[in-house]
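The primary structure of each chain is shown beneath.
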Amino acid sequence: MKYTRLTKEQLEELHPEFITFLATQTIDKKEWDELKTNKPEIALQEIDVFSDLIWDKAITNVRFVDHFSKHHIFLFKCHDDLLESLIVQTSNEEVDLFTTEGLEWLGNNLFTDAVTIQTGKKEVADNRNEEVFKIIENGGIISKGELYIKLIALIKVS
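Below is a short write-up of the structure. The structure presented is a predicted model; accordingly, all values stated were derived computationally and were not measured.

**Side note on the pairing of strand β2 (residues 72-78)**
Here comes step 1: By the bridge criterion, 5 bridges tie strand β1 (residues 64-68) to β2 in an arrangement that is antiparallel. Counterpart to Phe 64 in the pairing with β2 is Lys 77.
Here comes step 2: Linking β1 back to β2 in an antiparallel pair, the connection comprises 3 residues.
Here comes step 3: Bridge count between β2 and strand β3 (residues 82-90): 7 bridges; the pairing is antiparallel. Opposite Cys 78, over in β3, you have Leu 83 as the bridge partner.
Here comes step 4: Once β2 ends, the chain turns through 3 residues before running back antiparallel as β3.

Pasting the structure below:
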């Protein structure tokens, strides 16, 4: 597998798509029920293939991923062959960027010595979707990029 197996809940949400997928594999309901009962390893393989297809389709459309920790914010802009990053870090141990108060503090102290901002770029020649998935798997959240866009604009102005 390239990604991770969809959960039971995710599969239930995608039930119509899964039925269509099985039909493309020429597996009808009766045969699927037999696979689940008599050859569960093959049934899991089918679920794994379907999971990879779903993840691949979803991640292809991802353009921004945000990853927050107590003292860091990692923001990623995902292009087809390039990942741009914006890393915001505070040296103030009392600030928690997971909280609303921490983000307000960041807004008020963005251009002080207590905050460092770094940018970076990484070419992804092999598999862009797998790179984006790793970020998500490590706690990244798919976003619309509002924070990334605002911070990039502020950095360019200053």
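**Brief notes about the packing of aromatic side chains**
Here comes step 1: Applying the stated criterion to the full structure yields 7 aromatic pairs.
Here comes step 2: Seen from their ring centres, Tyr 3 and Phe 133 are 5.0 Å apart, and the 70 degrees between their planes marks the pair as edge-to-face. Placement of Tyr 3 in the segment before α1 (8-13) and of Phe 133 in helix α6 (residues 128-137) is noted, with a sequence separation of 130 residues between them.
Here comes step 3: Judged by its relative accessible area of 5%, Phe 133 is buried.
Here comes step 4: Ring geometry for Phe 18 and Phe 50: centres 5.0 Å apart, planes at 65 degrees, overall edge-to-face.

**A look at the sheet that holds strand β4 (residues 115-123)**
Where strands meet in a sheet, backbone hydrogen bonds hold them as pairs that are either parallel or antiparallel.
Here comes step 1: Pairing is antiparallel in the open sheet, where 5 strands are placed in the order β4-β3-β2-β1-β5. The open sheet has two edge strands with one neighbour each: β4 and β5 (141-143). Looking at each pair of strands side by side, their axes are set apart by 20 degrees on average, direction ignored.
Here comes step 2: Pairing analysis gives 9 bridges linking β3 to β4, with the strands arranged antiparallel. Within β4, the position partnered with Leu 83 by the bridge is Lys 122.
Here comes step 3: Across the sheet, helix α5 (residues 100-109) is in contact with β1, β2, β3 and β4; its angle to β4 comes to roughly 95 degrees.
Here comes step 4: Here α6 sits on the sheet and contacts β1, β2, β3, β4 and β5; the angle it forms with β1, its principal contact strand, is near 30 degrees.

Rules behind the numbers
- Residues numbered from 1 in each chain as written.
- Predicted model: local features only at pLDDT ≥ 70, side-chain atom pairs only at ≥ 80, totals over all residues.
- Heavy atoms only, no water.
- Pairing = 2+ DSSP bridges.
- Helix = DSSP H or I, 4+ residues; strand = E, 2+ residues; numbered from the N terminus.
- Phe/Tyr/Trp six-rings, centres within 6.5 Å; stacked < 30°, edge-to-face > 60°.
- Buried < 20%, exposed > 50% of the residue type's maximum accessible area, 1.4 Å probe, protein only.
- Axes fitted to C-alpha atoms, helices over the stretch in contact; angles between N-to-C directions.
- Contact = heavy atoms within 4.5 Å.

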